[in-house]
Every structure is written in structure tokens, then in C-alpha cells.
Amino acid sequence: MTNESLALVQVIITTLIISGTPLVLIGLGVMVAEQSGVINLGVEGMATVGALVAVIMVLHDSNPTLALLAAALAAAMVAGVFALVSVVWRGNQIVTGLAVSLLCLGFTSWLGQPYQSATLSLPRPSEIPFLAEIPLVGTIIFAQPPLVYWSLAMALMVGWSLNNHRLGWLIRACGQSPQSLYALGHSPQWIKTAAVVFGGAMAGLGGGFVSLYSSGIWHAIPLAGKGWIALALGGLAGIKPLRLVVFAYGFGAVVAGQLALQASGSGFGLSPHLLLALPYLAIILVLLLWSRRFKS
Amino acid sequence: MPLNGLIVKPLYEVTTSPIRCYKLMNDSNPLLELSGLAVRYGELYAIKGIDLSIFPGEIHGVMGDNGAGKSTLVKVMAGIVRPSAGRIVWQGRAVKQISPAVARGLGIAWVDQNLSLFDGLTVAQNLALVRSSRESLPWPKLPPPPIHLGSDQRVATLNTEQKQLLAIEMALAGRPQMLILDEPTTSLTPLLRDWLQGVIRTLAESGCAIVMISHRRSDLSPLIQTASYLQAGRLAHRWRRGEDESRLYPPLMEPQAVAKTSNPQRPILDLDWQGKNWQIMAGTITGFVFSEAATAQDFFNTIGNLSNGLRQMIGLRRLPSPQSGGALALGLGLVENIQITADDSLSRLGWLRIAAARRLVRAIKAEAGLGIQWNTQPVNQLSGGNRQKLALLRELLQNPQILILQQPLNGLDRQVSQTMAKRLRLAQSRGMTIIVTGFNRDEVAPFCDRIFDV
Amino acid sequence: MFSLRQINNWARIGSPVLALSLAMVLTALLLQLLGYDPLKVMRILFWQPWSMVGGFAAILNRAAPLTMIAMGLSFGLRAGIWNLGAEGQLIIGACAATAVALTVPLSQPILALLVMAAAGAMGGAIWGLIAAGLYLRFKSNLIVISLMLVFVAQAVLNGLVFGPWRDPSGYNYPQSAVFAPQFWLPNIDGFPLFHSAILIAVAILVGGGIVAKYSRWNLGLKLAGESSQVAAYGGFSSSHQILSTLLVGGAAAGMAGMTMVAGSLGQLSGSVMQNYGFTAILVAFLGRLSAVGIALAGLLVALLTVGGESLRIEQGMSDSFVMGMAGLILLTLVAVDGLLNRRGQHDQ
């Protein structure tokens, strides 16, 4: 392998991981909320709030862990407002979600103005001993920010609880028939609220990841639609977070591939901007194939 | 020998194990006492003024016509419906705010007629959702069910009988002190029905109270020791074993169709349905009395699924039952509700003729009053009776050739029923053919020329 | 007696006003907290545009596309058909209109504009129908499909303005060449600052209002929004409703896209849409899906955006502040509505 193509592979893998991880994080939250019966269209806004809070925190004392926790907390609070309006007060879920997204996108980009193009100095993520020494890909795969590995662990955890734990069954039962669950003496309202707040925290983590590790800089629209994509992927994956991981990394791969095509200048004669549509088309395609499979 | 309103003695023997009342009910305190209980939806009372006590070990039947308030009554006991008035006392202590969580905590389990299960979960997962704070309590050994449910089977893949069994098992998993069964046997085979009877007996022997709704006499008759008969939301009759049963069950109907009118008529509708041919005579009111809800719905759908154009051509209109929620758009105003089933007189080429609709609304108001001020006020402000008048007059005043009504008088009080019956007679005398479906012969008979029992 | 329903009737008009005031109070608090002078900001936001030269015209010019899209969307939203893809339909409409302006040799101005408008409406409608068709064919998720198609539309737009349509004399900006004059929407005669898109918007609002009041189609949509059972009893097919509302919503958005490229700019640029397609959803809800309400809500949001520009110029505040405030108004509206309509339902 030539040095050049090796560099390309490394870039592709890094891109894949860096653009897939926030989708995994946000998507896990979307998934849990959706299983409980709430479609959270506010997720893009919540993630953006997380992105801004992470930037502010990290500029303050450059501790990424603290920054990510603060991001999760802030976004969870926004999710609490969403749950209050849409679950407790029974406002229309979709309108509430859109309103929350608009509100957060607008205010964060306004409040984030002072941080415009402030560069974040983060400590280099430490390498995982031994594994990082694997030639060629070791330093790429095993020297990522810890949240990358945490996101995978959380995917396993969410998957395990949705499928094997009573808590997960309660959440799913809540989404399938809240009335029946109420009749069994549970409170669907609380379950939904908890699921939405969890979703908010995950969106905050995802947003924080984007601003700390993907862009490394604050700009007005940090998520650029990642929230909506995670919404689609989280819904598609149903109760299988590993499927979500595959989708998210697949999405990352398409993005990376599109970047590579752009860099190599070939692009099969297609405009690189048109290539940007590929990931979204891929989502639609998967969505359609999936629904079809479910129908038959 | 009745004691304190309840029996000690002769117990009906059906199967090998006769019911024995271990506890003398007169010296035990009631498990549940309801007094002055009422549930109101808008201006309509679903139940009103119910006084009822259930004792430990008692098997109590709740009977009455469809829409008499049976399900509402047991839903109050299960905490699903909050009463608008009245007191609920459990083991001598007043229950202030009843909710399912409270009821479950007290030990009241409820098997819903509509089977509250979670289709996407497995049998075991469904069972795990039952709150189990009562596991330490003594529990009799119940007969095992004759069919086995695979615990990893998804509920969506179960058939109705298996679902019903699961619903019952879920209720039992909570180890209740009072078990409420709302039509528990509708889709059970005789084998499972026998099993359920055995379970009910064992439970009652151990002191668990059973409250049961069923339309099957064969389910109730051998089991129940006491019963309440509801009529239009009120407790019309109390019964205890040993008394005359006949008031609890509607009289058996003669299977033959009766023709009231003697003059020969021409048939206007030849209906091939369920492998039989049914002839509807022009200018008559024909009643169809069903014993099963599913058959009734099938009948209505068979006729109802004609295309719009075809329906308009033969001048056929139909009105679903007031309970189905399909007849009126409750959040919309009078004019919009009038336009739901608009034919050519109310709409032309896709455009509504508002003036004509307003005229029709005026005509309905003139005839029925309705007590609504503006045409834009949503019709959920109307009482149940007025809603049904509105829906019925909407169809009648558009002068169909044939009008099909699904349980038109369901849940209405006597006065409204009488006015409506009179109104139907009037329409008939002007040449309209009317088909009425219902579940109770008494409800249909007063104004039908001919009745089919299905 | 003050029954629940009376509150609801009152709430139809009252709660947007209440929500607006509540949102303003909340925003003022936020501004105070951050060290701005809330009164001054509010004055610039709500008052300045009226006193500026051409301020009123600017408001109307911005309200025009917003109200067009919102009116088109209102039909589907009424039936609970969640088309969130208006932004994409807007973009494709604009692209289709641009295609006509750049490639079809028409010299007669009225004909040129008519063809361009037809192309815009058709482009938007087709983009809407794609979403509807995919949804119906595969019974999947309309919200997700319509949203994803926005991003695809965005990519198509970028592909065009960075690619074949890039103006060679445009200093490499992502924008098309300026259209020939016959493809420009003129200003209204006698009112030099007012764009004729305002007239199109008024026509769409009036037409939409009439359809909403007198068509059996819209009655069916109302019924479907109430209960699918009643709609089925009335003989309305839900798939027909989905196709027709996405067609109408897409056509209106495409039309708006045409007025945006043929209007003030006279060219297609990568950033022409300014999220109008999403903002219009907000306008539709604030306006309670009625023509008059949409007109008022459109004016309000347009006022906010014009005011937001003044804020940026005078206070150096980002105009995205206005977007946040619009979101806050909508959120308080849903909250107020939810609280007022809350019934003692028993499923929770």
C-alpha cells in the first residue's frame, strides 16, 4: 500500500467514525423516545444546545468530559420543556418539536456569536494501550475520543434493556398502548417524560461531540441537519441499536466516500454537491426497503 | 335460606366440584362498597345512583343490554374511569382518588373486554409488566390452563383465544383480591371456558371476589351467586341465588321472522348475506336483531361498503351507531356535520352548497330544538340524545329511498327513543324503507314491521 | 356559566395573543438577563420596520412567499398529514422556474412569467408527490421521507448553482446568471417598492380561503383531522387526501420559489430560501390554518425578520435571534393550547 492510499484509508476511517458517532448518540435517544411513543422533532435543536454548551464549557476550563456532561444536562433540560408541553400538557407533539428546534437553533446561533470561530484546544485523546499498536489502522481506530467507545457501549446497553429488561419492556409497552399500560397501574406520562429526557441528554452528548471533535470550532449551524438524520435512523432501527450503529457508520461511510470522491476529483462526472444527496437518498432507500420487508 | 341478602345454602351443582361457601357472608365485611356512584360524560349519565356491595368470595354478575352501563361500572371499580359522584369504600376504608394504580395496589384486577395487551412484546414480557407487590400473599393452587402459551411467542402472533387466555393470566398474575372480568369468554372454546369456571370457583373458595360481565347465560348461570341488572345506567334489579332468574336474561326469541303488516309489498332490496337471502320490502321498517357484535358489524359493512355513486343511485343512506363515534365529527359545528354525508342536494361538483346546508340545519333545529346557539359551535356541546337526533334527522331529511340505522336508539333514554321511533314511523308512512339493527328485540320491536333474528 | 367549550372558542383567537405576549415577556427576560435593553430591542423589532423608508414594503415582500407556502400547507396539516418537506418543494420550484428562465427562449414577458410560474408550481408539486407516492407505496414514514427530500433538494440546488448554472461572471459565487428582464416579476404599478408577488400571495390566500370554506375536499380534510372513522363514513379516501394535499402544498411552495427567484434577486442563488419552507409551517400553525390567520401570522413573522435585520445593523445582534423568538412564540402557543384543551382524559 502506498503512503498516499494509506493516508486516504486513514482519512476515510476517521471521517466514518467522527461523523457516525454523533448519529449513534442522538439516534439512541431518538430510539428510546420513539419506542415510548414520542416522536421528538426537537432533537436537532436539543443537540445544537448541547453543541454550544460544550463549546462554552471547554473554552472555560478545557475539560472535555465536564463539557460533555454539561451539554447533556442542558439538552436534557430542553427535553424536559418539550416533555412538559407535549406529554404533560398534551400539546401537539410534532408542532412542539418543531417549535423547540426553531427556538434552540435560533437562540443558540445568536448566543453563540461571541464564540464564533474560537478554536478549541483539546488534549489529544489517549490511545488504548496495545490495540493502538496494531499496524496501519491501530492508531486510527483505537485512538479516538473516549465518547466514541462510550457510544458503542451505550448502544449495547440500550439494546440490552429494550430487549431483555423490564424497563425496556415498559417503555415499549408505553409506545404500543399507553391506555393498556395505564390500566395495569403504570404511568405512561412518566415513562414518556423519562424517555424524552434521556433522549435529550443523548442529543446533548451528540451535539457536544460534534462541536468538540467533528468541527473543533463553533459555527452557527453546528449540527447541519444531523439531528434530523438521527431522527430518521433512530426510528428506522426500531429496537435494535446495533442496527442503528450500522446505519450511522454506513451514513458516515457514504459521507466519507463522497469526500474521497470529491478529493480524488473523479466523482463519476457528478457534481460533488449532488453527491452530498447520496446519504439522504440512502436513508430513503433503506426506509423504503425496510417498510416493504415489514409489510410482507 | 337467605341471610343478610346473601345465600348460604343451595348451591348449584354443575360439574364435579360443587361450590361451597366457606365463609358465611353475613359475618364478613364487604370487600368493596359503592354508594351513589355516577359517571357522567357531558350531559349524559353512563351510570347513576349505583349502590352495590361485593363480599369476599362472592361471584357477582353484572347484566343488562348493550349500552346499559355495565362496562362503565366495572371500569370504575378498576379505576379506569373516575366517578363524577359517589363513594368507593374498600375493606371499610374510603378510596378518595381511584386510579388503576390505586386499584391494582388494593388488589383489584381487571380483564378488559378489548384485551389490553402489548402486541409487540412476548407473552413473558407482557406478564412481566404486571405490578407484583402482592407476591407474598397466600394464593390458591389454580387449575393449569389446558392450552400452553409459549413464553417467547409474540402476542401479535397469538390467536384471539390465546390472547384472551393471556389477558386472564395477566390479571391472575397480580394475585388479586377482586377479579373483574368483562366478557371474558367471547372467544374461548368450551375447553377453556370450563377451565375458567374452575379458576373462578377456586378463587371464590379462597375468598377472592369475582365480578363478571357476560352475554352468555351459560357462563353466568352456574356461577353467579348475586347479580345486578342495569338498565339505562341505573341499577334496575338485584338478584341473589334462589330467586327467579328470568328478569336477568332477556326472553328467548322465537327464531321466525314475524310480519306485522298484512298487505303484500314489493321487495326493494334483495340481500345475499351469510349464505342466505334476505328480502327487504319497500316502505317497511325491518329490524335485524343480532346476538354477536361481530355479525352486526359485518352486516352493516356489507351494505355500507357500496361505492358512494352506487349508494346515491339507489338512494341508500346509512348511519353508524352513536357509540361507534363514526357518525358525527364532534369537534366541528352543525353545518359541517350536516355536510358529512352530503349528496347532490348539498354539494355540486365538489363544492358545498352552504345555503342548502343551513336550510337543512334550520329544519333540524325547528324539529328537534337541539339547544345549540350557533352553527359553528362544536357538536360535542350537545347531549348524547341530541347528537343522535341530529345524525338521524340529517339522514332522514335528505329523503333517502332506503335508510340503514345501526342501533339507532343505543344508550338513549326512553323519551328520546320514543320521539325517534315516532319520527321513523312518520318517514315510513311517507314511503321510506328503513332497516334497523340492534342487539335487543325490545329495543327494535316497537317500531318494526318485521324482525329477523340473526 | 363558562364551560370548557366556550373557553376553547375563545382560545381560538385568544391563545395566539396570549402566547405572543407570553413569548415577548420571556424574551424580554432573557434579554435583560444577558445585559441587553429589552425595551430597545422590542422597539427595533416591532416598531422600527414601520417607520423605516420602505419598511412596510419589505414586510409585505417577505410575507408574500411565507403566506403562499403556509396556505398550501394548511390543507394537509388540517388533516394531520405531516408534510415537513415544504422547504424542498420550495427549492425544486425555484430550480424549475430558473430552468425556464435560463433555457426557454421566450420574449413576451407575460407568457414568460406564466410559463415560469407553471414550471415552479409543477416542480414543487412533483417533489411533493414523490414524498406522497413513496409514503403510500411503502406505507413508511411521511415525516422522515418529506424531511429527507429537503436535503436531497438542497443538494440538487447546490449541484446546479455550483455546477452547470454557475454564473461565469459571478466571481465564483454559487449563483446563476441574472435572468433576462422578461423573466423578472415586476413591482406593482404605482408602488415602486412593492413586489407583485404580494398580489400572487393575496390571490392564493383568497383562493385558498374560498376552497377552505366551500369545497367538499376541504370538508373531508377537516373530518380526517377529527377522526378517520368519520372521514371514511363520509366517503373520503385517505390516500387520495395524502396525494392531493401534497400536490397542493408542493405547488404552492413551488410557486413561492418561483416568486423568490423571479422577484427581488432575478437569479437563483444557493442561499435564496432562507428556511422559508420551515418558517411557513410555523406561520400556518400560528395562523390556525385559516387564510386570515395565515395572512396575519405571515405579516408578524415577516415583521420580525425585517426587524431582525435592523437589530443586526444597529445592535450587532444576530438575526437568528428572531428565529428563536418565532420558535418561542410557537412553543408558548402549543403550551397555552394544550393547557386550555386539556381534558380529564383517562389514558395517562
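Coordinates for the structure precede this section.
Bear in mind the structure is a predicted one, so any value in this text is a computation, not a measurement.

Trainee: Tell me about the overall build of chain C, residues and numbers included.
Mentor: Counting secondary structure elements, chain C contains 14 helices and 2 strands. Out of the 348 residues in chain C, the part that is buried amounts to 59%. Carbon together with sulfur atoms contributes 67% to the accessible area of chain C, which is approximately 13,800 Å² in total.

Trainee: Give a description of the packing of helix H8 (residues 197–214) of chain C against helix H9 (residues 216–226) of chain C that names residues and reports values.
Mentor: All names here are of chain C. Interaxial distance between H8 and H9 falls to 5 Å at its minimum, and their mutual angle equals 70°. Between H8 and H9, the angle is such that the two are roughly perpendicular. Crossing hand, H8 versus H9: right-handed. Here H8 contributes Val211, Ala212 and Tyr214 to the contact with H9, which in turn contributes Arg216, Trp217, Asn218 and Lys222.

Trainee: Explain the pairing of strand S16 (residues 285–289) of chain B residue by residue, including any values.
Mentor: Consecutive side chains along a regular strand alternate between the two faces of the sheet. All names here are of chain B. Within S16, 5 of the 5 residues are buried, which leaves it mostly tucked inside the rest of the structure. Residues Ile285, Gly287 and Val289 line one face of S16 and the alternating positions Thr286 and Phe288 line the opposite face, and both faces are buried. Where S16 meets strand S21 (residues 433–438), 5 bridges bridge the pair, whose relative direction is parallel. Counted as the bridge partner of Gly287 is Val436 from S21.

Trainee: So what's going on with the pattern of salt bridges? Which residues, and what values?
Mentor: Going through the model one piece at a time under the given rule, you end up with 8 salt bridges over all chains. Between Lys222 of chain C and Glu336 of chain B there is a salt bridge, and its shortest N-O distance comes to 2.6 Å. Placement of Lys222 of chain C in helix H9 and of Glu336 of chain B in helix H9 (residues 334–339) is noted, with the two residues assigned to different chains. Look at Glu336 of chain B and you get buried, because its relative accessible area is 19%. The salt bridge involving Glu367 of chain B is made with Arg423 of chain B; its shortest N-O contact spans 2.3 Å. One end of the pair, Glu367 of chain B, is in helix H10 (residues 354–368); the other, Arg423 of chain B, is in helix H12 (residues 414–429), and 56 residues separate them in sequence. Accessibility expressed as a relative area gives 40% for Glu367 of chain B, which makes it partly exposed. Salt bridges sharing common partners tie together Arg317, Arg394 and Glu395 of chain B.

Trainee: Hey, could you go over the pairing of strand S5 (residues 59–64) of chain B for me, with residue numbers and the actual values?
Mentor: All names here are of chain B. Within S5, 5 of the 6 residues are buried, leaving the element largely enclosed by the surrounding structure. Sheet topology places S5 next to strand S10 (residues 209–213); 4 bridges connect them, and they run parallel. Among the inter-strand pairings, Val62 is bridged to a residue of S10, identified as Ile213. Pairing of S5 with strand S11 (residues 226–231), which is carried by 5 bridges, proceeds in the parallel orientation. Looking across to S11, one finds that Val62 is bridged to Ser228.

Trainee: Kindly report on the sheet that holds strand S8 (residues 108–111) of chain B, identifying the contributing residues and their values.
Mentor: Residue and element names in this part refer to chain B. Pairing within the open sheet is mixed, and its 6 strands lie in the order S8-S9-S10-S5-S11-S12. Strand pairing shows two members of the sheet lacking a second neighbour, S8 and strand S12 (234–240), which therefore form its edges. Averaged over all neighbouring strand pairs, the angle between strand axes comes to 15°, with direction disregarded. Sheet topology note: the S11/S12 ladder contains 6 bridges and is antiparallel. From the neighbouring strand, Ala227 faces S12, where its bridge partner is Trp239. Here helix H5 (residues 190–205) sits on the sheet and contacts S5, strand S9 (178–182) and S10; the angle it forms with S10, its principal contact strand, is near 145°.

Trainee: Any chance you could break down the interface of chain A and chain C for me, citing the residues and the numbers?
Mentor: Taken together, the contact between chain A and chain C spans 49 residues of the former and 50 residues of the latter. Its largest share of buried area at the contact with chain C, chain A owes to Trp89, Leu102 and Trp110 of chain A, together 16% of the area lost on that side. In this assembly, chain A and chain C are joined by 0 salt bridges. At the junction of chain A and chain C, the tally comes to 2 residue pairs in polar contact (both at pLDDT 80 or more). Those elements that provide at least two residues to the side of chain A that touches chain C are helix H3 (64–88), helix H4 (93–111), helix H8 (178–183), helix H9 (188–215), helix H10 (226–236), helix H12 (272–275) and helix H13 (278–295) of chain A. Here the element with the most residues in the side of chain A that touches chain C is H4 of chain A; it accounts for 14 residues. Classifying every residue of the side of chain A that touches chain C by side-chain character gives 33 nonpolar, 12 polar and 4 charged.

Trainee: Talk me through the sheet that holds strand S3 (residues 32–41) of chain B; I want residue IDs and the actual numbers.
Mentor: All names here are of chain B. Taking strand neighbours across the sheet as the criterion, the 4 strands line up as S4-S3-S6-S7 in an open arrangement whose pairing is antiparallel. Each having just a single partner strand, strand S4 (44–54) and strand S7 (93–94) make up the two edges of the open sheet. In this sheet, strand S6 (residues 85–90) lies alongside S3 in antiparallel orientation, the contact comprising 5 bridges. Each residue of the ladder has a partner; that of Ser35, found in S6, is Arg87. Against the sheet, helix H1 (residues 70–78) engages S3, S4 and S6, with an angle of about 120° to S3.

Trainee: Let's hear about helix H12 (residues 276–286) of chain C: which residues, and what values?
Mentor: Residue and element names in this part refer to chain C. When you tally the buried positions in H12, you get 11 out of 11 residues, the bulk of the element. What H12 keeps buried is the set Tyr276, Gly277, Phe278, Thr279, Ala280, Ile281, Leu282, Val283, Ala284, Phe285 and Leu286. Arg288 sits one or two residues past H12 and shows a positive phi near 55°.

Trainee: Which residues make up the interface of chain B and chain C, and what are the values?
Mentor: On the chain C side, the residues contacting the 31 residues of chain B number 23 residues. Each partner contributes to the roughly 2,100 Å² buried at the junction of chain B and chain C, and carbon and sulfur atoms together form 58% of this total. Considering only the side of chain B, the residues that lose the most area to chain C are Ile340, Trp351 and Leu352 of chain B, jointly responsible for 24% of the buried surface there. Viewed at the interface, chain C and chain B are joined by 1 salt bridge. Applying the counting criterion to the chain B and chain C interface returns 9 residue pairs in polar contact (both at pLDDT 80 or more). If you list the elements that add at least two residues to the side of chain B that touches chain C, you get strand S17 (316–319), H9, strand S19 (351–352), H10 and helix H11 (384–396) of chain B. Considering only residue class, the side of chain B that touches chain C consists of 14 nonpolar, 12 polar and 5 charged.

Trainee: Summarise the side chain of Thr433 of chain B; cite the residues concerned and give the values.
Mentor: Residue and element names in this part refer to chain B. Residue position: Thr433 is located in strand S21. Given the relative accessible area of 0%, Thr433 is considered buried. A polar contact is formed between the side chain of Thr433 and the backbone nitrogen of Gly283, at a distance of 3.0 Å. In contact with Thr433, other than residues within four places in its own chain, are Ile268, Ile280, Met281, Ala282, Gly283, Thr284, Gln401, Ile402 and Leu403.

Trainee: Break down the packing of aromatic side chains for me, with residues and values.
Mentor: Residue and element names in this part refer to chain B. Tallied over the entire structure, the rule returns 20 aromatic pairs over all chains. On the numbers, 5.5 Å between centres and 55° between planes, the contact of Trp278 with Phe288 is tilted. On the criterion of sequence distance, the pair formed by Trp278 in strand S15 (residues 276–281) and Phe288 in strand S16 is long-range, its members being 10 residues apart. Judged by centre distance (5.4 Å) and plane angle (50°), the rings of Phe290 and Phe299 are tilted. Owing to a relative accessible area of 0%, Phe299 belongs among the buried residues under this scheme. Within the aromatic cluster, the residues linked to one another by ring pairs are Trp273, Trp278, Phe288, Phe290, Phe299 and Phe452.

Quick notes on the rules
Residues numbered from 1 in each chain as written. Chains lettered and ligands numbered in written order. Predicted model: local features only at pLDDT ≥ 70, side-chain atom pairs only at ≥ 80, totals over all residues. Heavy atoms only, no water. Helix = DSSP H or I, 4+ residues; strand = E, 2+ residues; numbered from the N terminus. Buried < 20%, exposed > 50% of the residue type's maximum accessible area, 1.4 Å probe, protein only. Areas by Shrake-Rupley, 256 points an atom, 1.4 Å probe, with all protein chains shown as cover. Axes fitted to C-alpha atoms, helices over the stretch in contact; angles between N-to-C directions. Parallel < 35°, antiparallel > 145°, perpendicular 65-115°, else oblique. Left-handed = near helix turned anticlockwise from the far one by under 90°. Contact = heavy atoms within 4.5 Å. Pairing = 2+ DSSP bridges. Salt bridge = Lys/Arg side-chain N within 4 Å of Asp/Glu carboxyl O. Buried area = accessible area lost by both parts, 1.4 Å probe. Polar contact = N/O pair within 3.5 Å; in protein donor to acceptor, adjacent residues only side chain to side chain. Nonpolar A, V, L, I, M, F, W, Y, C, P; charged D, E, K, R; others polar. Phe/Tyr/Trp six-rings, centres within 6.5 Å; stacked < 30°, edge-to-face > 60°.

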